[in-house]
Amino acid sequence: SWATKNDISVGLRLAAALAPFWRLQARLTEGRNWLEQFLTQDQVGDNSYLILKAKALQAACILAWCQGDSFAGFAMGEESVAIFRELNGKPHLANALYALAVASFSFPDSADTLPLLEECIDLFKEYNYPTGLAKALCIYGWKLYTRGEKKLGFSLINEGYHLTQQYGMLHLLAHVENELG
């Protein structure tokens, strides 16, 4: 609570960093409340502040999606992507695109999901980020699989699965195995 009165940047940084904890501990409301508290205290800042804000929006996007509030998650994800595009922050843009794609997953007719995933996959490859690449390949493959492109979808899920094995990402391995059935 000190950061809410003294340094919003510190609050944004802490809240965004704690988002995975809140998600894994099923403390979604707590996490989202903190993120939104700092995000509503918007301030004019330089690029480093905007990057913090975009990361916090990305974290809030995922927490909102986990709570079933896909519309709010999608809106926050779009804002995060817009900020990273404006700043030409490509390494961060990949994660923001992934979060937005996950939020849009709740909208079955969303035509935007596949291009978002394609772009984030390209960026994850460009910046050699295997964890992000594995997750993105799996949900891209799943999206294609559920749309009837079973062979290509399964191939992409399988590629993501092999990345999780290769890099010892045990936390993702169970998720991918669940998707493979």
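Scroll up to find the structure this text is about.
What comes next is a walk through the structure. Note that the structure is a prediction, hence the values are computed from the model and not measured. (Residues numbered from 1 in each chain as written. Predicted model: local features only at pLDDT ≥ 70, side-chain atom pairs only at ≥ 80, totals over all residues. Heavy atoms only, no water.)

## Describing the overall build of the chain
Next up, step 1: Looking only at helices and strands, one finds 10 helices and zero strands in the chain.
Next up, step 2: What you see in the chain, going N to C, is helices and strands ordered as α-α-α-α-α-α-α-α-α-α.
Next up, step 3: The proportion of buried residues among the 181 residues of the chain is 46%.
Next up, step 4: In the chain, of all internal contacts separated by at least 6 residues, the share reaching a separation of at least 24 is 56%.
Next up, step 5: In the structure as shown, the chain presents an accessible area of about 9500 Å², 54% of it carried by carbon and sulfur atoms. (Helix = DSSP H or I, 4+ residues; strand = E, 2+ residues; numbered from the N terminus. Buried < 20%, exposed > 50% of the residue type's maximum accessible area, 1.4 Å probe, protein only. Contact = heavy atoms within 4.5 Å. Areas by Shrake-Rupley, 256 points an atom, 1.4 Å probe, with all protein chains shown as cover.)

## Digging into a nonpolar patch on the surface
Next up, step 1: Together, Leu14, Leu18 and Phe21 line one region of the surface with nonpolar side chains, adding up to about 270 Å² of accessible area.
Next up, step 2: As for its position among the elements, Leu18 is in helix 2 (residues 8-24).
Next up, step 3: On the accessibility criterion, Leu18 (37% relative accessible area) is partly exposed. (Patch = residues over 30% accessible without salt bridge, like charges linked within 9 Å, V, L, I, M, F, W, Y side chains within 5 Å. Salt bridge = Lys/Arg side-chain N within 4 Å of Asp/Glu carboxyl O.)

## Regarding the nonpolar core
Next up, step 1: Core analysis: the biggest nonpolar cluster contains 55 residues, and Leu12, Leu35, Leu97, Tyr98, Cys120, Phe124 and Tyr140 have the highest contact counts within it.
Next up, step 2: Those elements that place two or more of their residues in this core are helix 2, helix 3 (28-39), helix 4 (47-66), helix 5 (70-87), helix 6 (90-104), helix 7 (113-126), helix 8 (130-146) and helix 9 (150-166).
Next up, step 3: The leading source of residues in this core is helix 4, at 11 residues.
Next up, step 4: Setting aside its immediate chain neighbours within four residues, Tyr98 contacts Cys120, Phe124, Lys135, Ala136 and Ile139. (Core = buried A, V, L, I, M, F, W, Y, C linked by side-chain atoms within 4.5 Å.)

## Regarding the environment of Leu163
Next up, step 1: With respect to the secondary-structure elements, Leu163 resides in helix 9.
Next up, step 2: For Leu163, a relative accessible area of 13% corresponds to the buried category.
Next up, step 3: Not counting the four nearest positions on each side in its chain, Leu163 is found in contact with Pro130, Leu133, Ala134, Leu137 and Met169.

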